[in-house]
Amino acid sequence: MFKDIEHLVRLAAVLVIALIAFAAIRVAVVPKTFGEYGHYRAAALNDIAARSISFAGHDVCEGCHTDVVDQKKLGKHVVVPCEACHGAQGRHADDPASVKPPKLDTAVVCSRCHEANSAKPKSFPQVVTVDHAGGIACDTCHQPHRPRIEDEAPNTAKVNPEGKR
Amino acid sequence: MDLTRRHLLLLLPSAAAAWNYVLAGTPEAAPNYRRTEHWWGMLIDIPKCIGCGSCVRACAEENDVPDGYFRTWIERYHVADWKIERPQVESPNGGKQGFPPNENSEGKNFFVPKLCNHCEDSPCTQVCPVGATFVSPDGVVLVDKSYCLGCRYCVQACPYGCRFINPNTNTAEKCTLCYHRITKGLTTACCEVCPTGARQLADLKNPKDPIHEFLRTHTVQVLKPHMATGAKVFYDGMDGSVR
């Protein structure tokens, strides 16, 4: 039927070689997991999830520091997670013996939340620290894990009504 | 040329096999965490936010966010009486060190924490020319650093201004919803440190998540609903002046 079929065979050979070359290049340049979930590299999910954590989470803290948990339960700071004040403690949780968290300066830490600002919710306890304490550290009077003064020593509340706030 | 029909027929199956290998890829191992069983979002309770900046600092520490760039930040709004279309918004250093005493004590003042809304139909992923950013099977908008060209299309496309180019890597960066934490069963760094519970991670696919009861019983809004991005960061008690 076809005369001189050889030129068709040559064309077919070129096409096949091009197809194989395309497949080979595609295998080489497109990551294995590309397109598994969508138009992206699915392995990126594992790359991103593999990052190490800095904040241990309050559940980990509470596993050891049960005395602090008991203290906090008696006061309003029960809702405040440990690392809100103490900062990231993932390394301390991994190796409690050698990595010790630094002592906090309550004059700085407490005012981050409790310094008065008209944009804060009205129900949130706020003070102008200069008027309230004159710059002395908050833990001179307040125990940060259980900040209400009469919680700790009922008698001093009446003697020092200023400290009640 | 002595390529016969016999040779061609032998070649075709091997080419087909190679093509199949290209299409298949390899399945991912995901121990203890099933991506298809979660759909992540966040709840932000504006009346609880005290603007302390804990979330901004925690985010920077957890994710090595460079100084002056923010994956989450806090805005302070001041609305004078009826001018809800012209609020004064400020965010000194993203609220990282908290906020100075408010000069505008008249009118309405409040804080609004912001972050990536992890949109279901996110404009930022649609414009990526190379498939470097995507919505994950569990509903988190992520960037594949090794694939990103740094072309900035996505930075421009995000209606919420949640993306930036990392000056060290020159690739697009954004909130990952602490993907490395939530896949390990932890909450995000910002939610972990929030002292008032103003931010809460929410799994919308988990029927036991308290988010469902909250959404049912509160007046909740998303940012820029007219953009129809399918935002999954829900704001409780949000004033109409918030942009």
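The present account deals with the structure reproduced in this document. This structure is a prediction, so every number in the text was calculated from the model and none was measured.

Procedures and definitions
- Residues numbered from 1 in each chain as written.
- Chains lettered and ligands numbered in written order.
- Predicted model: local features only at pLDDT ≥ 70, side-chain atom pairs only at ≥ 80, totals over all residues.
- Helix = DSSP H or I, 4+ residues; strand = E, 2+ residues; numbered from the N terminus.
- Rg over C-alpha atoms; globule rule 2.2 N^0.38 Å.
- Contact = placed C-beta atoms within 7 Å.
- Nonpolar A, V, L, I, M, F, W, Y, C, P; charged D, E, K, R; others polar.
- Expected span 1.5 Å × (residues − 1).
- Buried ≥ 20, exposed ≤ 12 C-beta atoms within 10 Å, placed from the backbone.
- Core = buried A, V, L, I, M, F, W, Y, C linked by C-beta atoms within 7 Å.

1. Structural notes on the overall build of chain A
So, point 1. Within chain A, the regular secondary structure consists of 10 helices and zero strands.
So, point 2. Starting at the N terminus and ending at the C terminus, chain A contains elements arranged as α-α-α-α-α-α-α-α-α-α.
So, point 3. Its C-alpha atoms give chain A a radius of gyration of 33 Å, more than 25% over the compact-globule value 15 Å for 165 residues.
So, point 4. Considering only C-alpha atoms, chain A reaches an extent of 115 × 40 × 25 Å along its principal axes.
So, point 5. Taking all contacts inside chain A whose residues are at least 6 apart in sequence as the whole, residues at least 24 apart take part in 49%.

2. Topic: the interface of chain A and chain B
So, point 1. Contact residues are listed per partner, giving 48 residues for chain A and 49 residues for chain B.
So, point 2. Only helix 1 (6-29), helix 2 (43-49), helix 5 (82-86) and helix 7 (106-114) of chain A provide two or more residues apiece to the side of chain A that touches chain B.
So, point 3. No other element matches helix 1 of chain A, which puts 11 residues into the side of chain A that touches chain B.
So, point 4. A class-by-class count of the residues in the side of chain A that touches chain B yields 29 nonpolar, nine polar and 10 charged.

3. Focus on helix 1 of chain A
Residues separated by three or four positions in an α-helix point in the same direction, a consequence of the helix having 3.6 residues per turn.
So, point 1. End to end, helix 1 of chain A covers 35 Å across 24 residues, agreeing with the expected 34 Å (1.5 Å per residue, within 8%).
So, point 2. By the criterion of burial, helix 1 of chain A is predominantly exposed, with just zero of the 24 residues buried.

4. A word on the nonpolar core
So, point 1. Cys190(B) and Val193(B) are the most contacted members of the largest nonpolar core, which has 69 residues in total.
So, point 2. When residues no more than four places from it in sequence are discounted, the contact partners of Val193(B) are Phe55(A), Pro81(A), Glu83(A), Ala84(A), Ser54(B), Cys55(B) and Ala58(B).

5. Regarding the environment of His92(A)
Residues and elements named next belong to chain A.
So, point 1. You can see His-92 is positioned in helix 6 (residues 90-94).
So, point 2. Owing to 18 C-beta atoms within 10 Å, His-92 belongs among the partly exposed residues under this scheme.
So, point 3. When the C-alpha positions of His-92 and Ala-56 are compared, they lie 8.5 Å apart, and in sequence the two are 36 residues distant.
So, point 4. Not counting chain neighbours up to four residues away, the residues in contact with His-92 comprise Val-99, Lys-100 and Pro-101.

These values are about where atoms sit, not about what they do.
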